[in-house]
Amino acid sequence: MHAFLQQLINGLSIGAVYALIALGYTMVYGVLRLINFAHGDVYMVGAVIAYHLSQGLANSGAPVALSMCVMFLAAMAGCAALGFAIEYFCYRPLRTRPRLVSLITAIGVSLLLENLFQQSRFLFGPTPRSLPQAFQSRTVIEFFANSSTPITITNLDLVSWSLCLAVMVGLRWFVLRTRMGLALRAVSYRVDTAALMGINTNRVISMTFVLGSSLAGVAGVVDAMRYQVDPLMGLQQGINAFVAAVLGGIGSIPGALLGGLLMGLVQTLLKGWILQGAYSGYADAAAFLVLILVLLARPTGLLGKPAIEKV
Amino acid sequence: MESDRAKPTMVHAARIPSWLVNLGILLILVALWPLSRAFDKYMDGYYLDLLIRIGIAITLAVSLNLINGITGQFSLGHAGFMALGAYTCGVLLKHYSPQGIELRLLFLFFVILGGLVAAAAGVLIGIPTLRLRGDYLAIATLGFGQIITVVLNQIENVGSFEVGGSAGLHNIPMVSDFFWSYFWALICVVTVARLAYSAKGKPFFAVREDEIAAAAMGVDTTFYKIAAFVVGAFFAGAAGGLSATLSGDISPESFNFIRSIEIVMMVVLGGSGSLTGSILAAIVLTALPELLRIAEGWRMVVYALVLIITMLVRPEGLLGNRELWWTRRRLGPSTGPSTNAVA
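Predicted model only: the values in this text are computed from it and were never measured.

Novice: Describe in detail the overall build of chain A, supporting the description with residues and values.
Specialist: Along the backbone of chain A there are eleven helices and two strands. When the elements of chain A are put in sequence order from the N terminus, they spell out α-α-α-α-β-β-α-α-α-α-α-α-α. Viewed in the frame of its principal axes, chain A has a C-alpha envelope of about 65 × 50 × 40 Å. For chain A, the proportion of its 311 residues judged to be buried stands at 52%. Once local pairs closer than 6 in sequence are excluded, the contacts in chain A between residues at least 24 apart make up 75%.

See below:
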């Protein structure tokens, strides 16, 4: 039972990060119908920014909480700028073209970022590196501390949950209550009609990328503290988050949260609780199997609107 | 060529009688053998290896073009089919490790068997296409490819057959050569070309252009979509078998998502639906990383940049919707696969 509860906590924590990344996929898909393959690498850039800052901050003697805030803000700003640049230079010129073209360009951008950060010693280099000890996860709450299998909650669990919750509430307010959010909904409903209604669609699309990328940056910082920083970390995590977005219904913001948490739970519970030992390696396959089954039963995901086909 | 310009509609290749074409194909097949022998003897191993890899890439790109470009079913799981073929062929060949002439015969048999295993998986993947379109299908095929990689990572043995698990399978007899690589490339190109550019192949394009309209005209869209997956998967499996016996070492990681993406890039860069475009792109994208060796570690950075710039400058792909010898667009402005039709 303790093992189950522990995996539940881990799953929700990992799932919260998936949800943060999945939001970027889902928002971009919502307005452009584009699978932004470079999104996973924007997340990686967030982690790299955190790594570089952490080197300086650890030596400066600033309080850890303050340093972490600085890291989060810097990663958000850096990733937002990167997301804006990617959209402006790579996707905007191709917007009237078949979407497959943008997709391949997105893959090109993804390859570029991965290889650039692997190759350039100045930017990062090929070997994965950890953040200084001060920024790594540590246990803050412990239940059943006397038993052989205590249940622990780390500071990163708390950070990722609160971030996820704050982002969710913030986004909901933004999308439903602000003029920009209204424009966002209009654009995702139909781009050309939205433009006819006087909405500056270019600005809305740019803003979507800025917002999604900054959330990826946040997720990158959390994972940089939890695991290691690796130029290729965006690959697997990007696929996982993307699957989460699809699972919840791509294009739907609450869907990204639901899909992310579900994906995190399914993966961790399968790995650490159901398929123990030799079979735990199959957990990744099981997640994709769930995805395919969900798609077959409900192609638009759990919370997605069923697409009406017009002839 | 001149006569083509006079005709505004359906442009065909220069009107060569079909028996002559068949004879030509046969002659090339026969000529491959001495050519292969000569290359084995006189050519530098590095260039020969590159040539063989280009042949395999052509098979992969053209077979994916049937699914992605011609039938418009966006698949991101081609490396999964390739893995099935590679492992079928590699595991069996290593287990029996025959010698001499027996080796070549068994190799041919196992490559076909690998193709058939992949084709069977193609039926399995074809079934979701009945319900899923566009991006959703792409995701389902991506999931399929991932599942194959994960499962192959876990399996160490099947009975007395060594599969290798995450360490990969090593010391497979290296029987792939120039002849087999281009033998399969030629068979693949001819099959797909014959399928696409015959009366029997019109429904493939019809499914791509508008599935609902095609169904309304009496096209059995289910059949043609699954057919595209089965034929495409067969050749991907065969290409997998060839690549397994080229280096002698395979691992699940060599057939991951990135490999699928590479093949999709060949199709899109060459121009979706253009067979000669796929061949051209397969050659360029296989040779480019080698040409960029002077850039050393930076070559993948340059490669990515070249890809992005090509797509920005020429979004319809190198050849667009045309074949190399066509002077005119065939189906009006290139619209790409039906995935673009968003209401």
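Continuing now.
Novice: Before we move on, could you go through the overall build of chain B and cite the residues and values that matter?
Specialist: For chain B, the helix and strand inventory stands at 13 helices and two strands. Burial status across chain B gives 50% buried among its 343 residues. In chain B, 80% of the contacts between residues at least 6 apart in sequence involve partners at least 24 apart.

Novice: Tell me about the interface of chain A and chain B, and name the residues and values.
Specialist: Of the residues lining the interface, 35 residues belong to chain A; the matching set on chain B comes to 38 residues. Broken down by secondary-structure element, the contributors of at least two residues to the side of chain A that touches chain B are α4 (99–119), α9 (233–248) and α11 (283–297) of chain A. Here the side of chain A that touches chain B gets 13 residues from one element, more than from any other, and that element is α4(A). Classifying every residue of the side of chain A that touches chain B gives 25 nonpolar, five polar and five charged.

Novice: I'd like a description of the nonpolar core, backed by residues and values.
Specialist: In this structure, A:Ala19, A:Leu20 and B:Ala61 are the most contacted members of the largest nonpolar core, which totals 204 residues. In contact with B:Ala61, not counting residues within four places along its chain, are B:Ile263, B:Met266, B:Val267, B:Gly270, B:Ser278, B:Ile279, B:Ala281 and B:Ala282.

Novice: I'd love a proper account of the packing of helix α4 (residues 78–96) of chain B against helix α10 (residues 221–247) of chain B, names of residues and values included.
Specialist: Residues and elements named next belong to chain B. Where α4 contacts α10, the two axes come as close as 6 Å, and the packing angle between them is 50°. Here α4 is positioned oblique relative to α10, judged by the angle of their axes. The interaxial crossing formed by α4 with α10 has right-handed handedness. Facing His78, Phe81, Met82, Ala83, Leu84, Gly85, Ala86, Thr88, Cys89, Gly90 and Leu93 of α4, the residues of α10 in contact are Ala233, Ala236, Gly237, Ala238, Ala239, Gly240, Gly241, Ser243, Ala244 and Thr245. Residue composition of the contact of α4 with α10, by class: twelve nonpolar, nine polar and no charged.

Novice: Break down the confidence of the model for chain B for me, with residues and values.
Specialist: Residue and element names in this part refer to chain B. Put simply, chain B has an average pLDDT of 83, and 90% of its residues get 70 or more. Note on residues 1–11: pLDDT is under 50 here. Beyond four places in sequence and across chains, it has ten contacts. As a predicted assembly, this complex carries a pTM of 0.82 together with an ipTM value of 0.82.

Novice: Could you give an account of the environment of A:Ala219, with specific residues and numbers?
Specialist: Residues and elements named next belong to chain A. The topology assignment puts alanine 219 in helix α8 (residues 201–226). Separated by 56 residues in the primary sequence, alanine 219 and leucine 163 place their C-alpha atoms 9.1 Å from one another. If sequence neighbours within four positions are ignored, alanine 219 has contacts with Val17, Leu20, Ile21, Tyr43 and Gly46.

Novice: I'd like to hear about the packing of α4(B) against helix α11 (residues 257–270) of chain B, residue by residue, with values.
Specialist: All names here are of chain B. Contact geometry for α4 and α11: axes closest at 7 Å, N-to-C directions at 115°. With respect to the hand of their crossing, α4 and α11 are arranged in right-handed fashion. Taking contact as the criterion, the partners of His78, Ala79 and Met82 in α4 are, on α11, Arg259, Ser260 and Ile263.

Novice: Before we move on, could you go through the environment of A:Ser162 and cite the residues and values that matter?
Specialist: Residue and element names in this part refer to chain A. Structurally, the position occupied by serine 162 is in helix α5 (residues 155–177). On the basis of neighbour count, serine 162 is assigned to the exposed category, with 11 C-beta atoms found within 10 Å. As for serine 162 and leucine 184, which are separated by 22 residues in sequence, their C-alpha atoms are 25 Å apart.

Novice: Can you break down unusual backbone geometry residue by residue, with the values?
Specialist: Residue and element names in this part refer to chain A. In this structure, arginine 33 takes a positive phi of about 55° despite not being glycine. Relative to the elements of secondary structure, arginine 33 occurs in the loop between α1 (2–32) and α2 (39–60). Judged by local crowding, arginine 33 falls into the partly exposed class, with 18 C-beta atoms found within 10 Å.

Novice: Would you mind going over helix α6 (residues 179–189) of chain A in detail, with residue names and values included?
Specialist: Residues and elements named next belong to chain A. For α6, every residue scored as buried is listed here: Leu184, Val187 and Ser188. End-on view of α6: buried residues confined to an arc of 95°, all on one side of the axis. Within α6, the exposed residues directed more than 90 degrees away from the buried face are Arg179 and Tyr189. On its buried face, α6 sits against α1, α5, α7 (191–196) and α8.

Novice: Can you tell me about the environment of B:Phe257, naming the residues and giving the values?
Specialist: Inspection of the secondary structure puts B:Phe257 in helix α11. Residue class for B:Phe257 comes out partly exposed when judged on the 19 C-beta atoms lying within 10 Å of it. Here the alpha-carbon distance between B:Phe257 and B:Gly164, two residues 93 residues apart in the chain, equals 20 Å. Those residues in contact with B:Phe257 that lie beyond four places of it in its chain are A:Ile239, B:Leu142, B:Gly145 and B:Gln146.

The rules we used
- Residues numbered from 1 in each chain as written.
- Chains lettered and ligands numbered in written order.
- Predicted model: local features only at pLDDT ≥ 70, side-chain atom pairs only at ≥ 80, totals over all residues.
- Helix = DSSP H or I, 4+ residues; strand = E, 2+ residues; numbered from the N terminus.
- Buried ≥ 20, exposed ≤ 12 C-beta atoms within 10 Å, placed from the backbone.
- Contact = placed C-beta atoms within 7 Å.
- Nonpolar A, V, L, I, M, F, W, Y, C, P; charged D, E, K, R; others polar.
- Core = buried A, V, L, I, M, F, W, Y, C linked by C-beta atoms within 7 Å.
- Axes fitted to C-alpha atoms, helices over the stretch in contact; angles between N-to-C directions.
- Parallel < 35°, antiparallel > 145°, perpendicular 65-115°, else oblique.
- Left-handed = near helix turned anticlockwise from the far one by under 90°.
- pLDDT = per-residue confidence, 0-100.
- Arc of directions from axis to C-beta.

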